[in-house]
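Below, each chain spelled out in residue letters.
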Amino acid sequence: MKFSKLLLVAFLGSTVFVSCSDDDDKVDNTPLGAYDNGVLVVNEGNGTAGSITYIGNDMTTIQQDVYSVVNEGDGIGGYVQSMFFDGDKAFIISNASNKITVVNRYTFELIDKIDSGLNIPRYGVVENGKAYVTNQAAFDSTTDDFVAVINLSTYEVESTIALNAIGERILEENGKLYVTNGTYGEGNSVTVINPASNAIISTINTGISPTSFEEENGILYVLCGNYDDASKLVRVQLSNNEILSEVTFPAALGNAQNLSIEDGKLYFTVNSDVFSAALNATTISETPLFTSGATTLYGFTVEDDKIYVSDAKDYASNGRVFIYSTTGALQKEFPVGLIPNGFYFND
Amino acid sequence: MTFRKQFLFFIFFVCQFALAQNDSIQYLEEVKVSDSQLKNFSNSQSVQQLSDSIINNSQASLTSLLNYNTVIYFKENGLGMVSSPSFRGTTAQQTAVIWNGININSQLNGQTDFNTITTKDFNTVNVRAGGGSSIYGSSAIGGSIHLNNDLSFKDNFSNDLELNYGSFNTFGLNYKLNVSDEKFSFQGSISRNSSDNDYKYLNTDRKNLNGQFYNNSFNSSFGYKINATNFLKFYSQFYDGERHFSLVTPSDSKTKYTDFNTRNLLEWSSFLNQFTSRLKVAFLSEEYRYFENITSDDFFFGKVETFIAKYDLTYDVNEKIKINTILDFTQNKGNGSDIQSDKRQIGSASLFFKHLVTTKLQYELSVRKEVTSTYESPVLFSAGANYRFTNFYALKVNGSRNFRIPTFNDLYWQGAGNPDLKPESSFQGEIGNEFRYKNFTFTANFYHIKIEDMIRWLPGNGGMFKPQNTNKVSIYGAEAILNWNKKTANSVFDFNGTYAYTNSKNDETGYQLTFVPYHKMTASFGYSYKKINAFYQHLFTGEVFTQTDNNPDATIEMYNVSNIGVGYGFGKKNSFTIGFKVLNLWNEEYESVENRPLPGRNYNLNLTLNF
């Protein structure tokens, strides 16, 4: 099938969906491009090539390898770690290729490439006209990790912030940047950075390795886990960067991953099991909400009353995405690319 | 022994030999090679010998030699980069490389990187297809590659120097010295290969970046005849190589990798009536360093030192029956940045039996059992027969059980190693047909292999990979090998061709293993007329899957690549030869691993001096 046809199909799919939902609400869902109104799945791929899969909100439209299809076979690099957004721009991070591909998030047309000044880039966020991207540099060293500060008018790295700890996930809240200092069970803190001065304001000790985090109502929820200790949830009061409370998980829930907060609930995963708990829970039950159909649960998120799970399988064959209701009823599944690791939403 | 000492030793004996050329010639076939089982207990299987001229026509790496002349498939991460074989549809860890009778596969990852072996350091290279674990131990499932230095006790003094230079600033040097008489035999060689390796990717505006490499190797083999029945032999090799790993995308981090391997083998052989006794002591070391960013001096490393003591006794009951026993003790000591320091000891006992029932029929049996505290080891065996119906046709039948033991990485990788792993084990049956007619030899082999407990690194919670005994694999296939040569007064013409069909499926999924082509074919023609010689070689490799789900969008396309060369000899005995080669003559755009293009048409000039 020619791309133009696909585009048409995708376009029609979106409009059909829009017309169906018109009765329910009057939100303007006019698509801003072929890949609006849908889910973007990042397929990490191998050292040479990753890809993005688009799944329409109609739960029917699917387009594999969106970027290459739109940009005449060009690639986004290997080991595609994550994406972040700024207005209608999407930034796609490839950590094998030390490259960020900047595209229009709705059309996937190439805008620019940032391919110098990066060293194993991982996650990024935009604040006040600049992008902040964590870089791990050498995996065996925790003293060379940094945050690259990217000027979004030139798309060039203009300065770096040394972390002196692992640089992994990053989020922005109330003008401050928060970086998890943990990967693969290593590291034990969260760094707080003032982007106005590029200075580290505070380092919050989480005890064990932070695997994922989210902010909700002024509190940073940090999920921590490694291969030996019991996992735990650490709540940090962002007004003073002090630890508010901690919840230690049952021993059976070791190395908990993928914290996601939706509608006042916490969700996370252990192996292929999906768990949920109240935001203010003081204990965590060993009983999962449900067990997903993934053989290797890799990417996970909860959005708009849907639970998205990606299956990396054996890391050497195309993956799969499962979409569940918040009670764990399977609604739909889709084939995606090699090693799907995350979900992003174009609504 | 340090290199300095080695070098002194070398100088000392070279001088001795130069002075001590005697005229008595004695030739003892049994002493010539160290790998006596290759000759004595491989009669029911297919053994392909790659001659000097084939070695000389090929590029220096073992990858290139075997890729263009055998049924073995190779994947290479760019020219000169990491190279892994698949023999009879098996994995890279299921082909054993045997150096003068000693298994030299890495104890760390279980395989040999075929771009770290320089073929010109050896007199003969043999390819033994099919199971050989009862003789050669771990990894001899798909087959084994034998690198031999032959020592002969006859008057000889020769020097050979080969220099070549080609595209991408590729340089090669090989110097060989052979000195022998009836009492001493010495063979030394030095090789150096290097390249900027910055070839252009065809049909793009990109070049191969950060692909430069060099390697040096020093080899010496020494034989001393103590008396008419006792011989001492010593084989030694040092290999030192550094490769920058070429980039997939120009913005990739630049990495490099170094190898430092040493191999030493001392052998004392005695011939007492019907008994032949060989006592061997070997010391091997391997060390790699991986620099994940060349701007930093930090590196990951792994190192293993191996000590082997072997007693090999052969008893010729009569002219028709041969019994051979081997007792072997091997100790591996490993450490590294990611593996726990550990020591592994393996003892083994083997028994081989060969019986020439009639002039037409012979059969051979072998059995081996290893004992180690690290894992449970199966009883390995091989049974085969060879029946020569006529001069024209012989039938070979062989069945064997073989294995591949868990490596240091599999067992001791920090946080991931699995000490409960079992060896991969396989049963194999094959039928070989050998036809000879005048100057033709045609071999057709059919085989079936079942492998279980495949060791795979599988992802667990949080993306941590751990090795596990998992899939079963069933392989069947066919191989055809054709040789023809014709000599007249002034000319020699020869042809060698191979074809392999390989069906290698994961039992659980029914999918073909990744990087195993269904079809592979090679052909080479050589022609020489008086002082001129020429060759043409061709390689066809079928499509391979890169994903375990045989996704039709994730494949490496088939390719056809040809090389051509001409040479001219000067002097009475062609003591000076000049040659020119065109590699990838048809400028095929190809790769054997995704996004790692191999070079287009390129050139090589070589000079050879024999004096």
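Residues numbered from 1 in each chain as written. Chains lettered and ligands numbered in written order. Predicted model: local features only at pLDDT ≥ 70, side-chain atom pairs only at ≥ 80, totals over all residues. Heavy atoms only, no water.

**Comments concerning the interface of chain B and chain A**
The interface of chain B with chain A comprises 21 residues on the first partner and 28 residues on the second. When chain B packs against chain A, the two sides together hide about 2,000 Å² of surface, and 46% of this comes from carbon and sulfur. Applying the counting criterion to the chain B and chain A interface returns zero salt bridges. Connecting chain B to chain A are 12 residue pairs in polar contact (both at pLDDT 80 or more). Here the residues of the side of chain B that touches chain A are counted per class, giving five nonpolar, 12 polar and four charged. (Contact = heavy atoms within 4.5 Å. Buried area = accessible area lost by both parts, 1.4 Å probe. Salt bridge = Lys/Arg side-chain N within 4 Å of Asp/Glu carboxyl O. Polar contact = N/O pair within 3.5 Å; in protein donor to acceptor, adjacent residues only side chain to side chain. Nonpolar A, V, L, I, M, F, W, Y, C, P; charged D, E, K, R; others polar.)

**A word on helix H5 (residues 62–69) of chain B**
One turn of an α-helix holds 3.6 residues; hence residues three or four places apart share an orientation. Where burial is concerned, most of H5(B) is hidden: eight out of the eight residues are buried. Taken together, the buried positions of H5(B) are Leu62(B), Thr63(B), Ser64(B), Leu65(B), Leu66(B), Asn67(B), Tyr68(B) and Asn69(B). (Buried < 20%, exposed > 50% of the residue type's maximum accessible area, 1.4 Å probe, protein only. Helix = DSSP H or I, 4+ residues; strand = E, 2+ residues; numbered from the N terminus.)

**Observations concerning empty space enclosed by the protein**
It is the rolling of a water-molecule-sized probe over the atoms that shows where space remains empty. Residues and elements named next belong to chain B. If you walk through the whole model with that rule in mind, you get nine cavities of 30 Å³ or more. Elements with a minimum of two residues in the lining of the second largest cavity: helix H3 (36–40), strand E5 (102–103), helix H6 (133–136), strand E14 (275–291), strand E15 (300–316), strand E16 (321–336), strand E17 (342–356) and strand E18 (361–372). With four residues, E16 is the largest single contributor of residues to the lining of the second largest cavity. Taken together, the residues of the lining of the second largest cavity sort by class into 10 nonpolar, 17 polar and eight charged. (1 Å grid on protein atoms, 1.4 Å probe; cavity = no way out; pocket = protein on both sides within 12 Å on 5 of 7 lines; lining within 4 Å. Points joined across faces, edges and corners; volume = space filled by probe spheres on them.)

**Structural notes on the sheet that holds strand E27 (residues 330–338) of chain A**
Paired through backbone hydrogen bonds, the strands of a sheet run either parallel or antiparallel to each other. Residue and element names in this part refer to chain A. Pairing is antiparallel across the open sheet formed by four strands, whose spatial order is E24-E25-E26-E27. Here the strands that pair on one side only, and so sit at the sheet edges, are strand E24 (297–303) and E27. Between one strand and the next, the sheet's axes are offset by a mean angle of 20°, whatever the strand orientation. In this sheet, strand E26 (residues 318–325) lies alongside strand E25 (residues 306–311) in antiparallel orientation, the contact comprising six bridges. Residue pairing for E26: Lys306 is matched across the bridge by Ser325. (Pairing = 2+ DSSP bridges. Axes fitted to C-alpha atoms, helices over the stretch in contact; angles between N-to-C directions.)

**Digging into a negative patch on the surface**
On the surface, a cluster of negative charge is contributed by Asp263(A), Asp304(A), Asp305(A) and Asp347(A). Along the chain, Asp347(A) turns up in the segment after strand E28 (340–346). (Patch = residues over 30% accessible without salt bridge, like charges linked within 9 Å, V, L, I, M, F, W, Y side chains within 5 Å. Areas by Shrake-Rupley, 256 points an atom, 1.4 Å probe, with all protein chains shown as cover. Lys, Arg positive; Asp, Glu negative; His and termini not counted. Charge placed at Lys NZ, Arg CZ, Asp CG, Glu CD.)

**A word on the packing of aromatic side chains**
Throughout the structure, instances matching the rule amount to 48 aromatic pairs over all chains. Centroid distance Tyr476(B) to Tyr501(B): 6.4 Å. Interplanar angle 45°. Geometry classified as tilted. Taken together, the residues Tyr476(B) in strand E25 (residues 473–487) and Tyr501(B) in strand E26 (residues 491–506) connect sequence positions 25 residues apart. Tyr476(B) sits in the partly exposed class, given a relative accessible area of 43%. Each ring, one from Phe580(B) and one from Tyr603(B), has its centre 6.1 Å from the other, and the planes form 15°; the classification is stacked. Within this pair, whereas Phe580(B) is found in strand E32 (residues 576–583), its partner Tyr603(B) is found in strand E33 (residues 602–610), the two being separated by 23 residues in sequence. The class for Phe580(B) is partly exposed, based on a relative accessible area of 36%. Tyr603(B) sits in the partly exposed class, given a relative accessible area of 38%. Above the plane of the ring of Phe85(A) lies Arg105(A), whose end atom (NZ or CZ) is 4.0 Å from the centre. The ring centre of Phe291(B) lies 4.8 Å from the NZ or CZ of Lys256(B), which sits over that ring. (Phe/Tyr/Trp six-rings, centres within 6.5 Å; stacked < 30°, edge-to-face > 60°. Lys NZ or Arg CZ within 6 Å of the ring centre and 35° of its normal.)

**Here's the deal with unusual backbone geometry**
Not every positive phi belongs to a glycine, and Asn198(A) is a case in point at roughly 60°. Along the chain, Asn198(A) turns up in the loop between strand E14 (186–194) and strand E15 (199–205). For Asn198(A), a relative accessible area of 25% translates into the label partly exposed. You will see that Lys438(B), though not glycine, has its phi angle at about 50°, which is positive. In this fold, Lys438(B) is placed in the loop between strand E21 (424–437) and strand E22 (440–452).

**Regarding the environment of Ile323(B)**
Residue and element names in this part refer to chain B. Its place among the elements puts Ile323 in strand E16. Relative accessible area serves as the criterion here: at 26%, Ile323 is assigned to the partly exposed category. Separated by 218 residues in sequence, Ile323 and Asn105 have C-alpha atoms that sit 28 Å apart. Sequence-distant contacts of Ile323, that is, excluding residues within four places in its chain, are made with Leu313, Thr314, Tyr315, Val317, Leu351, Phe352 and Phe353.

**Observations concerning the nonpolar core**
Counting 29 residues, the largest nonpolar core has Leu62(B), Leu65(B), Leu66(B), Val125(B), Ile145(B) and Leu147(B) as its most contacted members. Among the elements of the structure, helix H4 (52–57), H5, strand E4 (95–99), strand E6 (124–129), strand E7 (143–148) and E14 of chain B are those that each provide at least two residues to this core. Those residues within four positions of Ile145(B) in sequence are excluded, and the remaining contacts are Leu62(B), Leu66(B), Ile72(B), Phe87(B), Thr95(B), Ala96(B), Val97(B), Ile98(B), Phe114(B), Val125(B), Asn126(B) and Val127(B). One finds Ala256(A), Ile261(A), Ala277(A) and Leu279(A) within the second-largest nonpolar core, a separate group that totals 18 residues. (Core = buried A, V, L, I, M, F, W, Y, C linked by side-chain atoms within 4.5 Å.)

**Focus on the sheet that holds strand E8 (residues 121–127) of chain A**
Residues and elements named next belong to chain A. Ordered by their spatial adjacency, four strands build an open sheet running E8-E9-E10-E11, and the pairing between neighbours is antiparallel. Both edges of this open sheet fall to E8 and strand E11 (156–162), since each of them pairs with a single strand only. Strand-to-strand twist of the sheet, defined as the mean angle between neighbouring strand axes without regard to direction, takes the value 25°. Sheet analysis places strand E9 (residues 130–135) next to strand E10 (residues 146–151), joined by six bridges and oriented antiparallel. Counterpart to Thr134 in the pairing with E10 is Val147.

**Overview of the side chain of Gln428(B)**
Residues and elements named next belong to chain B. Of note, Gln428 is situated in strand E21. Only 3.1 Å separates the side chain of Gln428 from the side chain of Arg88, close enough to count as a polar contact. Non-local contacts of Gln428, meaning those with residues more than four positions away in its chain, are made with Arg88, Gly130, Gly131, Ile141, Asn398, Gly399, Ser400, Asn402, His448 and Ile449.

**Looking at the pairing of E11(A)**
All names here are of chain A. Where E10 and E11 come together, six bridges link them in antiparallel fashion. The residue bridging Asn151 from the neighbouring strand is Glu156, located in E11. Following E10, the chain reverses through four residues before pairing antiparallel with E11; Tyr155 in that reversal takes a positive phi of roughly 55°.

**So, the confidence of the model for chain A**
On average, residues of chain A score 90 in pLDDT, and 92% of them are at 70 or above. Low pLDDT, under 50, characterises residues 1–27 of chain A; the stretch is placed with 17 contacts to residues that sit more than four places away or in other chains. (pLDDT = per-residue confidence, 0-100.)

**So, the pattern of salt bridges**
Residue and element names in this part refer to chain B. Applying the stated criterion across every chain yields a total of 24 salt bridges over all chains. Ionic pairing is found between Asp316 and Lys322, a salt bridge with its closest N-O pair at 2.9 Å. Asp453 is the partner of Lys422 in a salt bridge, and the nearest nitrogen-oxygen pair spans 3.6 Å. Pair noted here: Lys422 is in the loop between helix H7 (408–412) and E21 and Asp453 is in the loop between E22 and strand E23 (455–459), with a separation of 31 residues, a long-range link. For Lys422, a relative accessible area of 40% translates into the label partly exposed.

**A few points about the pairing of E27(A)**
Residues and elements named next belong to chain A. Bridge count for E26 against E27 is six bridges, and the pairing is antiparallel. Of the residues in E27, the one forming a bridge with Tyr324 is Leu330. Linking E26 back to E27 in an antiparallel pair, the connection comprises four residues, with Gly328 at a positive phi of about 95°.

**A few points about a nonpolar patch on the surface**
All names here are of chain B. On the surface, Ile226, Leu232, Leu266, Trp268, Leu279, Val281, Phe283, Phe307, Tyr311, Leu327 and Phe329 cluster together to form a nonpolar patch covering roughly 900 Å² of accessible area. Contributing elements (two or more residues each) for the nonpolar patch: strand E13 (255–272), E14, E15 and E16. It is E14 that provides the largest number of residues to the nonpolar patch, a total of three residues. Look at Leu327 and you get exposed, because its relative accessible area is 53%.

**Regarding the confidence of the model for chain B**
All names here are of chain B. Looking at chain B as a whole, the pLDDT averages 91, with 95% of positions reaching at least 70. Across residues 1–27, confidence stays below pLDDT 50; counting only partners more than four residues off in sequence or on other chains, it has 41 contacts. Predicted complex, confidence summary: ipTM 0.81, pTM 0.88.

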